[in-house]
Amino acid sequence: MNETVLTPGTPLTSEEVVSLTRQHNYGTWRYQKSWKPLHIVDAEGCYFTDASGKQYLDFSAQLMCSNLGHKNQAVIQAIGEQAQKLAYIMPGYATDARAELSRLLLDVLPAGLTKFFFATSGTEANEAAFKIARMYTGKTKIIARYRSYHGSTMASIAATGDPRRWPMEPGGKGQGFLFAPEVNCYKCPVKHTYPSCDIACADYLEHMIENESDVAALIVEPVVGTNGVLVPPPEYMPRLRDICNRHGVLLIADEVMSGWGRTGEWFAVDNWGVQPDILVTAKGITSAYVPLGLCATTQKIADFFEDHFFAHGHTYEAHPITLGPAIAAIREMQRLNLVARSKELGAYLGEKLQALKPKHPSIGDVRGLGLFWAVELVRDQHKKTPFNTKQDKVDGKVTVVDQVAAECMKNGVSLQAWISHFVIAPPLIIERNQIDHAIEVFDRALTLADQAL
């Protein structure tokens, strides 16, 4: 690779910005030879702008995290005010931001979650959850599900069911993680049909717990995120709660993506009235303006550590500049009534997406909740055969969904594609006319998939 040679002090051209990024940074989850990042210079509302001045409608809220959209002034102001007041103090001290955010979380989290550990990402929050579960129960094993993503560090990648785990095995991941079938009523992994199945996929989890022993916790995304926006039937999460109660296993809800109004409730578990023992979240807690993760536990777990050593922590835990903006972000969600708005506009978005299915033989399934939707593409609607496989993704092959997403991007709409489906999760501030425009662009782009049949 030819290196970019620069004259010190001169402004960088867009080409130089891309070249320097490409030369000296790792592009995540990809072969490096194919990475040429787009130079982004601005973002506001539901749009972001590249160096040529072209705007893109952010139809997946970046990585399903920019729930308030871009340049929310209240959050931006909170960042500056917190930096002026107290930019950093080590986590052994109390701060105004820490106390105020804790008080606010008691209002919006599912009832009963009263003790908090603040991290700087979802993956770190999951690491905390696993350690807490093992310390509290004295047990070792964590059961996760296929079609899941819980993070990229040692334990959280070990709990991840999607193919991003594969290159890390066996040495590059934590031990003690087991996998169970996901809930996927479109294409059931245990070959059943809802509702006659009586939620067999949940019963399989109980069978694992009974036969494994030493199970500390079960971790689930209540609505699976990246791996397909898999919405469970209404009996599923209450069934898991009952199973965990019967066997003394903790239920960890990974709400990194599904939390903060994304599903039309503050948290996805609220759709079924389920209280987890531990809830992990990130992304929308600050609308991604600053990095913050949260691991919240019940008081029963908290009480255990009154007389037992809490063996976890890091330098940036409860970092003031991450906490101040979170307070502003939550208050903005309340002021703008975005949770109810997500439910209302989510129904509208769902209708628009469902209307595409009869037009496109490449669409196998459309599913979602709130402003959280997936469109799954298939080569054969009857057999539900996908165009591409997990191995294709690991091998760096260009998938059909990648081609459709690139066509959308060319026409000013950005949406996330993964193996055989799209994750459509716009900012919660999106307007109906913006949804209409994005659907029109998506509709035209889907002809590429139809032609690939």
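Note that the structure is a prediction, hence the values are computed from the model and not measured.

A.B. asks: Residue-level account of the side chain of Ser 420, with values.
C.D. replies: Inspection of the secondary structure puts Ser 420 in the loop between β14 (416-418) and β15 (421-424). Residues in contact with Ser 420, not counting those within four places in the same chain, are Val 375, Glu 376, Leu 377, Pro 386 and Val 401.

A.B. asks: Outline the environment of Ala 94, listing residues and values.
C.D. replies: As for its placement among the helices and strands, Ala 94 is situated in the loop between α3 (73-85) and α4 (96-108). Judged by its relative accessible area of 76%, Ala 94 falls in the exposed class. Sequence separation of Ala 94 and Tyr 31 is 63 residues, and the distance between their C-alpha atoms is 44 Å.

A.B. asks: Can you tell me about the nonpolar core, naming the residues and giving the values?
C.D. replies: Core analysis: the largest hydrophobic core is formed by 97 residues, its most contacted members being Leu 105, Leu 353, Leu 377, Phe 422, Ile 424 and Phe 442. The element that contributes the greatest number of residues to this core is helix α10 (residues 320-335), accounting for 7 residues. Non-local contacts of Ile 424, meaning those with residues more than four positions away in its chain, are made with Phe 59, Ser 60, Leu 349, Leu 353, Leu 371, Phe 372, Trp 373, Val 375, Leu 415 and Phe 442. Counting residues in hydrophobic clusters, the runner-up holds 28 residues, among them Ala 125, Ala 129, Ala 158 and Ala 159.

A.B. asks: Break down the sheet that holds strand β13 (residues 413-414) for me, citing the residues and quoting the values.
C.D. replies: With mixed pairing, 4 strands are arranged side by side in an open sheet as β1-β2-β3-β13. The open sheet has two edge strands with one neighbour each: β1 (40-44) and β13. Inspection of the sheet shows strand β2 (residues 47-50) paired to strand β3 (residues 55-58) by 3 bridges, in the antiparallel sense. Bridge pairing links Tyr 47 to Leu 57 in β3.

A.B. asks: I'd like to hear about helix α14 (residues 432-445), residue by residue, with values.
C.D. replies: For α14, which comprises 14 residues, the first-to-last C-alpha distance of 20 Å matches the rise-based estimate of 20 Å (1.5 Å per residue) to within 8%. Taken together, the buried positions of α14 are Gln 434, Ile 435, Ala 438, Ile 439, Val 441, Phe 442, Asp 443 and Ala 445.

A.B. asks: Provide a residue-level description of unusual backbone geometry, including the pertinent values.
C.D. replies: Following Glu 169, the chain continues into Pro 170 via a peptide bond in cis, with omega recorded as -5°. Secondary-structure assignment places Pro 170 in the loop between α6 (154-158) and β6 (177-180). The omega angle of the peptide bond from Tyr 194 to Pro 195 is 5°, so this bond is cis rather than trans. Position of Pro 195 relative to the elements: it lies in the loop between β6 and α7 (200-212). At Arg 147, a position not held by glycine, the phi torsion is positive, near 55°. The residue Arg 147 is located in the loop between β5 (141-145) and α6 in this model. Although it is not a glycine, Ala 288 adopts a positive phi angle of roughly 65°. Position of Ala 288 relative to the elements: it lies in the loop between β9 (278-281) and β10 (293-298). The partly exposed category is assigned to Ala 288, whose relative accessible area is 38%.

A.B. asks: Explain the sheet that holds strand β11 (residues 363-368) to me, and be specific about the residues and the numbers.
C.D. replies: Strand order in the open sheet made by the 4 strands is β11-β12-β15-β14, with antiparallel pairing throughout. Two strands close off the open sheet at either side, each with one partner strand: β11 and β14. Ignoring strand direction, the axes of neighbouring strands in this sheet form an average angle of 20°. Looking at chain direction, β11 and strand β12 (residues 373-377) are connected through 5 bridges and run antiparallel. Each bridged residue has a counterpart across the sheet, and for Arg 367 the counterpart in β12 is Ala 374.

A.B. asks: Can you tell me about a nonpolar patch on the surface, naming the residues and giving the values?
C.D. replies: Among the surface-exposed residues, Tyr 88, Met 90, Tyr 93 and Tyr 316 lie close enough to one another that they form a single nonpolar patch of about 450 Å² accessible area. Tracing the chain through its elements places Tyr 316 in the loop between α9 (299-304) and α10. According to the relative accessible area criterion, Tyr 316 is partly exposed, its value standing at 49%.

A.B. asks: Give a description of the packing of helix α11 (residues 338-354) against α14 that names residues and reports values.
C.D. replies: Put simply, α11 and α14 touch, their axes get as near as 11 Å, and they point 25° apart. In terms of orientation, α11 lies roughly parallel with respect to α14. Every pair of crossing elements has a handedness; the one defined by α11 and α14 is right-handed. For the pair α11 and α14, the contacting residues are Glu 344, Leu 345, Tyr 348, Leu 349, Lys 352 and Leu 353 in the first and Arg 432, Ile 435, Asp 436, Ile 439 and Phe 442 in the second. Looking at the contact of α11 with α14 residue by residue, the class counts come to 7 nonpolar, no polar and 4 charged.

A.B. asks: Before we move on, can you summarise the layout of surface pockets with the specific residues and values?
C.D. replies: With a probe scaled to a water molecule rolled over the atoms, the places where space remains empty come into view. Roughly 510 Å³ of internal volume is contained in the second largest pocket. Here the residues of the lining of the second largest pocket sort into 8 nonpolar, 8 polar and 7 charged.

A.B. asks: How would you summarise the packing of aromatic side chains if you had to cite specific residues and measurements?
C.D. replies: If you walk through the whole model with that rule in mind, you get 13 aromatic pairs. Note on Trp 29 and Tyr 149: the rings are 6.2 Å apart at their centroids and 85° apart in plane angle, and the pair reads as edge-to-face. Here the residue Trp 29 occupies a position in the loop between α1 (14-24) and β1, and Tyr 149 occupies one in the loop between β5 and α6, the gap between them amounting to 120 residues. Here Phe 48 and Tyr 56 contribute two aromatic rings whose centre-to-centre distance is 5.3 Å and whose plane-to-plane angle is 20°, an arrangement assigned as stacked.

A.B. asks: Describe in detail the pattern of salt bridges, supporting the description with residues and values.
C.D. replies: In the structure shown here, the tally under the stated rule is 22 salt bridges. Put simply, Glu 206 and Arg 246 hold a salt bridge, and the shortest N to O gap is 2.8 Å. Remark: Arg 246 occurs in helix α8 (residues 236-247) and Glu 206 occurs in helix α7; sequence separation between them is 40 residues. Of the charged contacts, one joins Lys 343 and Glu 265 as a salt bridge, the two residues approaching to 2.9 Å between their closest N and O atoms. In this pair, Lys 343 sits in helix α11 while Glu 265 sits in the loop between β8 (250-254) and β9, placing the two residues 78 residues apart along the sequence. A residue is classified by how much of its surface remains accessible, and Lys 343, at 45% relative accessible area, is partly exposed. Each member of the salt-bridge network shares a partner with another, and the members are Glu 100, Arg 103 and Arg 331.

Definitions and cut-offs
- Residues numbered from 1 in each chain as written.
- Predicted model: local features only at pLDDT ≥ 70, side-chain atom pairs only at ≥ 80, totals over all residues.
- Heavy atoms only, no water.
- Helix = DSSP H or I, 4+ residues; strand = E, 2+ residues; numbered from the N terminus.
- Contact = heavy atoms within 4.5 Å.
- Buried < 20%, exposed > 50% of the residue type's maximum accessible area, 1.4 Å probe, protein only.
- Core = buried A, V, L, I, M, F, W, Y, C linked by side-chain atoms within 4.5 Å.
- Pairing = 2+ DSSP bridges.
- Expected span 1.5 Å × (residues − 1).
- Axes fitted to C-alpha atoms, helices over the stretch in contact; angles between N-to-C directions.
- Patch = residues over 30% accessible without salt bridge, like charges linked within 9 Å, V, L, I, M, F, W, Y side chains within 5 Å.
- Areas by Shrake-Rupley, 256 points an atom, 1.4 Å probe, with all protein chains shown as cover.
- Salt bridge = Lys/Arg side-chain N within 4 Å of Asp/Glu carboxyl O.
- Parallel < 35°, antiparallel > 145°, perpendicular 65-115°, else oblique.
- Left-handed = near helix turned anticlockwise from the far one by under 90°.
- Nonpolar A, V, L, I, M, F, W, Y, C, P; charged D, E, K, R; others polar.
- 1 Å grid on protein atoms, 1.4 Å probe; cavity = no way out; pocket = protein on both sides within 12 Å on 5 of 7 lines; lining within 4 Å.
- Points joined across faces, edges and corners; volume = space filled by probe spheres on them.
- Phe/Tyr/Trp six-rings, centres within 6.5 Å; stacked < 30°, edge-to-face > 60°.

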